[in-house]
Amino acid sequence: MALIHRTTLKPTKVELLSAWLPTRPWYHGPAVPELAKAGGFRLDDPEGEVGIEFMVVTDGSAAYLVPLTYRGAPLEGAEHALVGTTEHGVLGTRWAYDGCHDPVLTAELLALVEGRAEAQAQSLTDTPDREVARGYTGDGPLAGLGAPVDTDGATEFAVPDTDLVLRLHRVLTPGSTPPADALGHVTGAWDHPEGTRTRTVFATVEPRRTHRPT
């Protein structure tokens, strides 16, 4: 169970992302964005060492899903995935990573899709997030995930020994639903800049295809 501390972060997560997001191929906003936190959820690390957060941020015109992990020491071999470091008022220096490159996050994302893990509220300790829904109709557990590959709107992971991919939707479409042939999905809600609360697809497990439905 992750313990949520009411304390300071310097720089803040949003400040870290303001510098990092424009370097991503799936980000299509201004070079110097004015970001606002719009929602998200957490997952628990079974070992209790790594913070896992799926954050939704908006730049006024689009919303982006950013999975992050927070560690008390650098993750070996993941220098390319470092978002930045921040000083936590209780825990000290924390290394924030693009969670798609952190094996702790990807393992728990699979567990969430398959129903072995439960989404937790973003800012409350030991509180399930009832707005996050998931489903899985596969014949058995997935064997794992391959290396992440960024596209212009998502990050995709091949599922070994199958024709499936786990697609993490980086650019969020309000009101979107999983494709009809999806074997798994995660959906959730976030605050639209217009002031409404909207649902969207966060992740899908689906057949690998060259052209995706619009």
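See the structure shown above.
Note that the structure is a prediction, hence the values are computed from the model and not measured.

Engineer: How should I be thinking about the pairing of strand β12 (residues 184-191) in this particular structure?
Structural biologist: Successive residues of a regular strand alternate their side chains across the two faces of the sheet. The buried fraction of β12 amounts to six of the eight residues, a majority that puts the element mostly inside the structure. In this structure, strand β7 (residues 133-136) lies alongside β12, joined through four bridges in antiparallel fashion. Directly across from Arg134, in β12, lies its bridge partner Val186. Here β12 pairs with strand β13 (residues 197-207) via eight bridges, running antiparallel. Directly across from Asp191, in β13, lies its bridge partner Arg197. Here β12 hands over to β13 after five residues, with Gly195 in that stretch at a positive phi of 105 degrees.

Engineer: Before we go on, may I ask you to explain helix α2 (residues 103-114) in this structure?
Structural biologist: Three- or four-residue spacings in an α-helix give side chains the same orientation, since the helix completes a turn every 3.6 residues. If you check α2, its first and last C-alpha atoms are 17 Å apart, about what 12 residues at 1.5 Å a residue would give, namely 16 Å. Of all 12 residues making up α2, 10 are buried, and the element is well covered by its neighbours. Three or more residues of α2 are buried, namely Val104, Leu105, Thr106, Glu108, Leu109, Leu110, Ala111, Leu112, Val113 and Glu114. Its side-chain oxygen 3.0 Å from the backbone nitrogen of Val104, Asp102 forms the N-cap of α2. Two residues or fewer past α2, Gly115 is found with a positive phi of approximately 90 degrees.

Engineer: Whenever I open this one, the environment of Thr173 confuses me. Can you help?
Structural biologist: With respect to the secondary-structure elements, Thr173 resides in the loop between β11 (171-172) and β12. Thr173 sits in the partly exposed class, given a relative accessible area of 46%. Each C-alpha atom, one on Thr173 and one on Phe202, is 9.4 Å from the other, the two residues being 29 residues apart in sequence. With residues up to four places along the chain from it excluded, the contact list for Thr173 reads Arg199 and Thr200.

Engineer: What exactly am I supposed to notice about the side chain of Arg94 here?
Structural biologist: As for its placement among the helices and strands, Arg94 is situated in strand β6 (residues 92-98). The buried charged residue Arg94 lacks any salt bridge partner; its closest oppositely charged side chain belongs to Glu49, at an N-O distance of 7.0 Å. Side-chain polar atoms of Arg94 contact the backbone oxygen of Tyr70, separated by 3.2 Å.

Engineer: Looking at this model, I keep getting lost on unusual backbone geometry. Mind explaining?
Structural biologist: Glycine aside, a negative phi is what most residues show, and trans is what most peptide bonds show. The backbone of Asp126 sits at a positive phi, close to 55 degrees, despite the residue not being glycine. Topologically, Asp126 is positioned in the loop between α2 and β7.

Engineer: Would you mind showing me how to read the pattern of salt bridges here?
Structural biologist: What the rule picks out here adds up to nine salt bridges. For the salt bridge of Arg42 with Glu53, the shortest nitrogen-to-oxygen distance reads 3.7 Å. Pair noted here: Arg42 is in strand β2 (residues 36-43) and Glu53 is in strand β3 (residues 51-58), with a separation of 11 residues, a long-range link. An identical accessibility class is assigned to Arg42 and Glu53; each is buried. Residue Arg167 is joined to Glu156 by a salt bridge in which the shortest nitrogen-to-oxygen separation is 3.3 Å.

Engineer: What should I look at first to understand the nonpolar core in this one?
Structural biologist: A general feature of soluble globular proteins is that nonpolar side chains tend to end up buried together. Among the nonpolar cores identified, the biggest contains 30 residues, and Phe41, Phe54, Val56 and Phe202 are the most heavily contacted of them. Looking at this core, the elements that each hand over two or more residues are β2, β3, β4 (63-71), α2, β10 (164-169), β12 and β13. Each residue touching Phe202, except ones within four places of it in the same chain, is listed here: Phe41, Val56, Leu65, Arg167, Leu168, His169, Leu172, Val186, Thr187, Gly188, Ala189 and Trp190. In terms of nonpolar packing, the next biggest core, distinct from the first, is built from 15 residues, Leu17, Trp20, Leu21 and Ala96 among them.

Thresholds applied
Residues numbered from 1 in each chain as written. Predicted model: local features only at pLDDT ≥ 70, side-chain atom pairs only at ≥ 80, totals over all residues. Heavy atoms only, no water. Buried < 20%, exposed > 50% of the residue type's maximum accessible area, 1.4 Å probe, protein only. Helix = DSSP H or I, 4+ residues; strand = E, 2+ residues; numbered from the N terminus. Pairing = 2+ DSSP bridges. Expected span 1.5 Å × (residues − 1). Polar contact = N/O pair within 3.5 Å; in protein donor to acceptor, adjacent residues only side chain to side chain. Contact = heavy atoms within 4.5 Å. Lys, Arg positive; Asp, Glu negative; His and termini not counted. Salt bridge = Lys/Arg side-chain N within 4 Å of Asp/Glu carboxyl O. Core = buried A, V, L, I, M, F, W, Y, C linked by side-chain atoms within 4.5 Å.

Shape descriptors only; they carry no functional weight alone.
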